[in-house]
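What follows is the residue order along each chain.
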Amino acid sequence: MNRGALALVLVLALSGCNGGTVDEHALKRDSEKVGSLASEGSLLANDVSKGASTKYFVRVHAKEMSQAASDLQNALAIRPTSPGIKRDVRKLSKLAGKVSEELERLHLHPTDRGVAASLKEPLKADADAADQLGK
Amino acid sequence: MKIFQVALGILAAIGGFVDIGDLVFNVAAGATFGYQLLWVVVIGVVGIIVYSEMCGRVAAVSGKAVFDAVRERLGFKVGLVALISAQVVNLMTLTAEIGGVAICLQLLSGLSYRWMILVAGVAFAIVVWVTPFEWVERVFGYGGLCMLVFAVAAVKLHPSWGAVAHGFVPHMDTQSPLLYAYFAIGLLGAAMTPYEVYFYSSGGVEERWGPKDLGLNRVNAQIGYGLGGFLSFSLMIVGGALFLEKGVQPEFLGSIALGVEVPLGQIGLLLALVGILFAVGGASIDTLFSGAYNLAQFLGWEWGRYRHPRGAPRFTVTWLVLLVLALGAVMTGVDPVQLTEYAVIFSAVALPLTYIPIFLVANDRSYMREYTNGRLGNVLGLVYLVVIMVIALTAVPLMILTNVGQN
């Protein structure tokens, strides 16, 4: 049983490991994550701007996405980086911070169609920018 | 009247088919590979139909539920390994399902997640304690029918129906074959998750099925699970039609509901959230009872959800303890969606320990008399045993190699 438990811990540690140096592969993966959050935020903002969502759903879902973007921003800002991609990693970190702030605004104004309409395009642009950084 | 009852049972089965594992893996598979993995859902649904029918038949003819068979056919030591692995996976699944219910309540009410965990726990305890079980099953099953809004959303998203049809033909058009294999295993594990057969066979024993009910067993398994699979298709199509194109990786339960909000607006969102709430809530109760069934059957205790708690005290204490453990685990802040992925993959590893004993008992004339597996049942059963073995051996390596589907 002890061996089994050890193996389980090892498996979880290996599979869940998300730290370490940011290499090109990690940069691509994290770019996709930032792009995903921005793109999903844009979809949500679009719905809010049309009055097609609910206050509580927007408040809660925008907050969890904002938190995820903020976590990515922090991780990218402090993790060591492979030579040659440091600039892109820091850019991505900044972009994740921007996405987090925009989603936070959606969280704070879950029924404000004007705010949502003003966030729709910037979030879409952020998704495109993240996509570019991942290439 | 009989047809009416069967229809009600089928409706409840459809509404109760989807759990958090199906939600997470189907939508994520669609968002990652479009409709390419629809064929895997078909394989998974046929697998659960084959083995549910088999263990329902064993329950009807021999009066034995799954863990009776496990103990008898595998012996105490191997049976104990099967029991421990089943209980670990059950507890992980229960934790994920309760977390899912709490998230749904939070998305509907805007209240704190931790409070919603407590509300969910207390509500489950009260509902299970005071409500007649057939009502619990039906109410959650019918509530889960709101999940059909995903089918409407799938149509409204105007997917390429040619590509959808092509998805039912096995093919692999990707540069990430390992990730493709990981999702295939996850989809099979989610469709054939063992707690479903523990619950199904124990229900058959409790409802005192006999050989006269074999037709009902077959209809329930084939139509209930078959139509339930339709919901899985809808989830994957929503993932493929909306999220793949937009580059969204659905990491939250809210993302899954957003997949309905985009094409159907506020009403669609509310129906999706209510549907997820009932479907995942019903799965929580099934999982809770499955854990108690397994232990009670293995140790020869009195068991049964239709009995008064005093008639089966150790069974009652077991599900109460499981509920408290799961609530404690959710309270630690573990992410239910991530936990679901681990639960599905580890349940895939445990599949042979559940399905092999069922297959052996279903072929044993001393138990089954003239009701042993027919030729088709044996061919399908054997094919699925091979599939299950492959899944069990590859699930964890694929999880590691793909970083839990992240790469």
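This text gives an overview of the structure that appears in the document. (Residues numbered from 1 in each chain as written. Chains lettered and ligands numbered in written order. Predicted model: local features only at pLDDT ≥ 70, side-chain atom pairs only at ≥ 80, totals over all residues.)

## A look at the overall build of chain A
Then comes step 1: What chain A contains, in helices and strands, is 5 helices and 0 strands.
Then comes step 2: Listing the helices and strands of chain A from first to last along the sequence gives α-α-α-α-α.
Then comes step 3: Within chain A, residue pairs in contact and separated by at least 24 positions form 83% of the contacts whose partners lie at least 6 positions apart. (Helix = DSSP H or I, 4+ residues; strand = E, 2+ residues; numbered from the N terminus. Contact = placed C-beta atoms within 7 Å.)

## Quick word on the packing of helix α3 (residues 38–62) of chain B against helix α14 (residues 336–362) of chain B
Residues and elements named next belong to chain B.
Then comes step 1: The interhelical angle for the contact between α3 and α14, taken along N-to-C directions, is 55 degrees, at an axis separation of 10 Å. Between α3 and α14, the crossing angle belongs to the class labelled oblique. In this structure, the crossing between α3 and α14 has a hand that is left-handed. Residues Tyr51, Met54, Cys55, Arg57 and Val58 of α3 form the contact with α14, whose participating residues are Tyr355, Ile358, Val361 and Ala362.
Then comes step 2: Residues that form the contact of α3 with α14 fall into these classes: 8 nonpolar, no polar and 1 charged. (Axes fitted to C-alpha atoms, helices over the stretch in contact; angles between N-to-C directions. Parallel < 35°, antiparallel > 145°, perpendicular 65-115°, else oblique. Left-handed = near helix turned anticlockwise from the far one by under 90°. Nonpolar A, V, L, I, M, F, W, Y, C, P; charged D, E, K, R; others polar.)

## Here we look at the interface of chain B and chain A
Buried accessible area, meaning the area lost when the parts come together, often serves as the stated size of an interface.
Then comes step 1: Contacts between the two partners involve 26 residues from chain B, matched on the other side by 26 residues from chain A.
Then comes step 2: Counting only elements with at least two residues in the side of chain B that touches chain A, the list comes to α4 (66–109), α12 (253–299) and α16 (375–401) of chain B.
Then comes step 3: Here the element with the most residues in the side of chain B that touches chain A is α12 of chain B; it accounts for 9 residues.
Then comes step 4: Grouping the amino acids of the side of chain B that touches chain A by side-chain chemistry returns 12 nonpolar, 12 polar and 2 charged.

## Considering helix α11 (residues 214–246) of chain B
Residues separated by three or four positions in an α-helix point in the same direction, a consequence of the helix having 3.6 residues per turn.
Then comes step 1: Taking 1.5 Å per residue as the helical rise, α11 of chain B with its 33 residues ought to reach 48 Å, and the 47 Å between its terminal C-alpha atoms agrees with that figure.
Then comes step 2: Looking at the residues trailing α11 of chain B, positive phi occurs at Gly247 of chain B, about 70 degrees. (Expected span 1.5 Å × (residues − 1).)

## Brief notes about the packing of helix α7 (residues 149–156) of chain B against α12 of chain B
Residue and element names in this part refer to chain B.
Then comes step 1: α12 packs onto α7 with a crossing angle of 170 degrees between their chain directions and a minimal axis gap of 9 Å. Looking at the two axes, α7 sits roughly antiparallel to α12. Where α7 approaches α12, its residues Val149, Phe150, Val152, Ala153 and Lys156 are matched on the opposing element by Gly259, Val260, Pro263, Leu264, Gly268, Leu271, Ala272 and Gly275.
Then comes step 2: Per-class residue counts for the contact of α7 with α12 are 9 nonpolar, 3 polar and 1 charged.

## Digging into unusual backbone geometry
Residue and element names in this part refer to chain B.
Then comes step 1: Its identity as a non-glycine residue notwithstanding, Arg369 has a phi of 50 degrees, on the positive side.
Then comes step 2: Within the fold, Arg369 resides in the loop between α15 (365–368) and α16.
Then comes step 3: With 11 C-beta atoms packed within 10 Å, Arg369 lands in the exposed category.
Then comes step 4: Located in the positive-phi region is Val404, a residue other than glycine, with phi close to 55 degrees. (Buried ≥ 20, exposed ≤ 12 C-beta atoms within 10 Å, placed from the backbone.)

## Let's talk about the nonpolar core
All names here are of chain B.
Then comes step 1: With 177 residues, the main nonpolar core has Cys104, Leu187 and Ile358 as its most contacted residues.
Then comes step 2: Sorting elements by how many residues they give to this core places α12 first, with 25 residues.
Then comes step 3: For Leu187, the contacting residues outside a window of four places in its chain are Phe25, Asn26, Ala29, Leu37, Val40, Val41 and Gly44. (Core = buried A, V, L, I, M, F, W, Y, C linked by C-beta atoms within 7 Å.)

## Focus: helix α10 (residues 194–206) of chain B
Residue and element names in this part refer to chain B.
Then comes step 1: With 13 residues, α10 should reach 18 Å at 1.5 Å per residue; the first-to-last C-alpha distance of 19 Å fits that figure.
Then comes step 2: With 12 of its 13 residues buried, α10 lies for the most part within the structure.
Then comes step 3: Where α10 is concerned, the buried positions are Pro194, Tyr195, Glu196, Val197, Tyr198, Phe199, Tyr200, Ser201, Ser202, Gly203, Gly204 and Val205.
Then comes step 4: Just beyond α10, the residue with positive phi is Arg208, at close to 55 degrees.

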